[in-house]
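Descriptive analysis of the structure
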Amino acid sequence: MAERKVRVRFAPSPTGPLHIGGVRTALYNYLFARQHGGDFVFRIEDTDTNRFVPGAEAYILESFKWLGIQFDEGVSFGGEHGPYRQSERRDIYKKYVKQLLEEGKAYIAFDTPEELDAKRKEIDNFQYDAHTRTQMRNSLTMSKEECDQRIADGEQFVVRFKIEPGVEVHVQDMIRGEVIVKSDILDDKVLYKSADELPTYHLANIVDDHLMEITHVIRGEEWLPSAPLHVLLYQAFGWADTMPLFAHLPLLLKPEGKGKLSKRDGDRLGFPVFPLEWHDPKSGEVSSGYRESGYFPEAVINFLALLGWNPGTDQELFSLDELVDAFDITRCSKAGAKFDYQKGIWFNHEYILSKSDDEIAELFAPIVANNGVDESLERITQVVHMMKDRVDFVKELWPLCSFFFVAPLEYDPKTVRKRWKDYSVQQMTELAALLESLDDFSLENQEEKVMKWVEDKGYKLGDVMNAFRLTLVGIGKGPGMFDISAFLGKEETLKRLHKAIEVIPTLQSTSE
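A quick note: this is a predicted structure, and the numbers were derived from the prediction, not measured.

**Digging into the overall build of the protein chain**
Across its full length, the protein chain carries 19 helices and 15 strands. For the protein chain, whose C-alpha radius of gyration is 33 Å, the value lies well above the compact-globule estimate of 24 Å for 512 residues. The principal-axis extents of the C-alpha atoms in the protein chain amount to approximately 110 × 50 × 35 Å. Scored against the burial criterion, the 512 residues of the protein chain give a buried share of 49%. When contacts within the protein chain are restricted to residue pairs at least 6 apart in sequence, those whose partners lie at least 24 apart make up 72%. In the form shown here, the protein chain has an accessible surface area of approximately 24600 Å², with 50% of it arising from carbon and sulfur atoms. For the protein chain, the distance from the average site of its 62 positive side-chain charges to the average site of its 85 negative ones is 4 Å.

If you want it as C-alpha cells, here you go:
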C-alpha cells in the first residue's frame, strides 16, 4: 500500500474562548504537518448545540491569525473535503448510523433520563453495556414492530454502539506506545440523538477523520479514554487499514498545586489562559488575553512549544521555522507539563531583546503619543535603545522612562532623603554653570568635563551623580546620567537642574 500523505486536523468546539492548552495542541499539529510536508485541516465540531456560544468560532480563527499558525483547508479556508462544520454534515452522519444499525453493530435505545438515573441508583457504578443492556428499553429487548411504532409516534431515542465484551483493543500511540484496553470496561456510547438529529462527538469524529483522510490524530490527554472506542468504530466500519495513528499530549498542569491548568489559576496568579481577550456574550465577563497583555505571538508560540516537548538540546529560543525542523513528537512527555507562566514572561523579554530598536520603537510610539507627547520616532528609538533591556513588555517602557519626554513634576521623598545632601544645592549650582558653559553638549564631552570638575573639586562622584539624577529624573533610576542629559539636550537639562535646585530644599524643610 502506498504511503499516504500526512494530514492532521484541529477540531475545536465553538463553546467559548480557545484555551491555551488548545493552542498548544494546534501548534503541535501544525509543526507535525509542516515537518512531513502534510496538510493541516481546521474543522469545527458544533454538534453540541446546547453549549454553542456566538462569536467563539470567529475568536478561534482570529487567535490563530494572530499567532501565525496557518491552516491549509477547513472552515473559512475551503478545500475538497467539506463541509468542515459538523452541523452542516447531518445527512452524511445519518448514512453511517444507518449502516451500523443494519449490520447489528449499534442499536436504538428509548431510555429516558429519569430511567437512567433510577438505574444508576439501583446499580453501583452503573454503565450501559453488555451486562446491563438487556435490562433496558432498547431494540435488543423489544420487537422490531414495537421499535418502529415508538419511532413513528415521535418518541425520542438515541443510537448506542454495541460493544462486545472480552475483546482486547489495541491503540497505537506515538507518545505512549501501544495501549491495550479490555472492551469490558467500555460502555455502549451514544452515537446519535434523535432530539436534534445530530451525532455525538464520537461518531462525528470518526466519520470526519476517515472521510477527510486524516492520518494522525494529535490531541490532548483527556481524549485518551475515548481512543479504544474510536478504534472499535474504525473496525466496525471496516476502515482499520486507514485508521490514523494517535498521539495523546500531556496535560498542562497548574503552576502551583495539583490538577490541570484552569482559568481560575490565571485569575489568581495574574496571567492569561486565553490567546486573545474574551468578552463573554452571556455574563459580560472579560477575560485577559496574551495579545492584549502585551505578549509577542512568537514568544507565546516558543513558550508553548516547550511545554511538554523537549528538543533534546539546550536551545530555548526557536523561530516557527526552527520549531518545524526540530519538532519530534516522540519527544513529547507522557507526564503533565507544569504551566510556568514566569517562563512565558522570560520568553517575551528575550523577544524584546532580539527585536531591533526600530521595531520596538514602532510599538512604543503610540504609547508615547497617548500620553500627550509629540516626539519624533528617531528620538523614541534612542530611548528604546537605552531602556528596552529593562522591560518584559513594551507597555512597561512608559512608566520606566517617561522622564525622557516629560520633566518630573515631583521628586521621590525617599530618594530626596537619601541622595540630597546639605551641600547638594551648591554642587548642583556649580554643575549647572559648568554645563551651561559647554558648546559641545555631547555625551563624551559632558562626561570628560564633569569628571574633571568633580576630581578638581575633590567631590564624591556618587554624591554628585545621585543628586544630578534626582534633578533630571525625579527618582533614583534610569541609565547613565550623561546618556540622559545628552538626550535631553542643554536647554532641557539646565531647566530641570534649576527647578530642582529651587524646589527640593523647600521639600526638605516641609518634611522636617
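Let's pick the thread back up.
**Observations concerning the side chain of Asp463**
Note that Asp463 resides in helix α18 (residues 461–473). Here Asp463 occupies a buried position and makes no salt bridge, while the nearest side chain of opposite charge, Lys421, is found at 4.8 Å. In contact with Asp463, not counting residues within four places along its chain, are Lys421, Tyr423 and Gln427.

**Details of the domain arrangement of the protein chain**
Taken domain by domain, the protein chain consists of domain 1 (84–247), domain 2 (264–352), domain 3 (355–394) and domain 4 (406–507). Once you take the C-alpha centre of each, domain 3 and domain 4 turn out to be 24 Å apart. Listed as interface residues are seven residues of domain 3 and, on the opposing side, five residues of domain 4. Across the domain 3/domain 4 interface, buried area totals approximately 550 Å², and carbon plus sulfur atoms make up 70% of it. Where domain 3 touches domain 4, the interface holds zero salt bridges. Counting every contact that joins domain 3 to domain 4 gives one residue pair in polar contact (both at pLDDT 80 or more). Looking at the side of domain 3 that touches domain 4 residue by residue, the classes come out as four nonpolar, one polar and two charged.

**Some points on the packing of aromatic side chains**
With the rule as written, the count across this model stands at 32 aromatic pairs. Ring centres of Tyr234 and Trp239 lie 6.1 Å apart, and the angle between their planes is 75°; this geometry places the pair in the edge-to-face category. The pair formed by Tyr234 and Trp239 is uniform in burial state, with each residue classed as buried. When the ring of Trp346 is compared with that of Phe347, the centres are 5.0 Å apart and the planes differ by 75°; the resulting orientation is edge-to-face. By relative accessible area, which is 29% here, Trp346 ends up partly exposed. Judged by its relative accessible area of 1%, Phe347 is buried. The rings of Phe10, Tyr30, Phe40, Phe42, Phe64, Phe71 and Phe77 are connected pair by pair, giving a single aromatic cluster. Sitting over the face of the ring of Trp346, Lys343 holds its NZ or CZ atom 4.1 Å from the ring centroid.

**Things to note about the sheet that holds strand β8 (residues 190–193)**
Spatially, four strands are ordered β4-β5-β8-β9 in an open sheet, and the strand pairing comes out antiparallel. Looking at strand neighbours, the two that pair on one side only are β4 (106–109) and β9 (198–199), the edges of this open sheet.

**Overview of the side chain of Ser287**
Along the polypeptide, Ser287 turns up in strand β14 (residues 286–287). Excluding its chain neighbours within four sequence positions, the residues that come into contact with Ser287 are Lys263, Phe274, Leu276, Glu277 and Trp278.

**Some thoughts on the UniProt feature "binding site: ATP" (unreviewed entry) in the protein chain**
According to UniProt, the feature "binding site: ATP" (unreviewed entry) maps to Lys263 in the numbering used here. Along the polypeptide, Lys263 turns up in helix α8 (residues 263–269). Using a relative accessible area of 24% as the deciding quantity, one classes Lys263 as partly exposed. Leaving out residues up to four positions away in the same chain, Lys263 has contacts with Val273, Phe274, Glu285 and Ser287.

The rules behind each value
- Residues numbered from 1 in each chain as written.
- Predicted model: local features only at pLDDT ≥ 70, side-chain atom pairs only at ≥ 80, totals over all residues.
- Heavy atoms only, no water.
- Helix = DSSP H or I, 4+ residues; strand = E, 2+ residues; numbered from the N terminus.
- Rg over C-alpha atoms; globule rule 2.2 N^0.38 Å.
- Buried < 20%, exposed > 50% of the residue type's maximum accessible area, 1.4 Å probe, protein only.
- Contact = heavy atoms within 4.5 Å.
- Areas by Shrake-Rupley, 256 points an atom, 1.4 Å probe, with all protein chains shown as cover.
- Lys, Arg positive; Asp, Glu negative; His and termini not counted.
- Charge placed at Lys NZ, Arg CZ, Asp CG, Glu CD.
- Salt bridge = Lys/Arg side-chain N within 4 Å of Asp/Glu carboxyl O.
- Domains from an automatic or database assignment.
- Buried area = accessible area lost by both parts, 1.4 Å probe.
- Polar contact = N/O pair within 3.5 Å; in protein donor to acceptor, adjacent residues only side chain to side chain.
- Nonpolar A, V, L, I, M, F, W, Y, C, P; charged D, E, K, R; others polar.
- Phe/Tyr/Trp six-rings, centres within 6.5 Å; stacked < 30°, edge-to-face > 60°.
- Lys NZ or Arg CZ within 6 Å of the ring centre and 35° of its normal.
- Pairing = 2+ DSSP bridges.
- UniProt positions renumbered as here; feature names shortened; annotations may be inferred.

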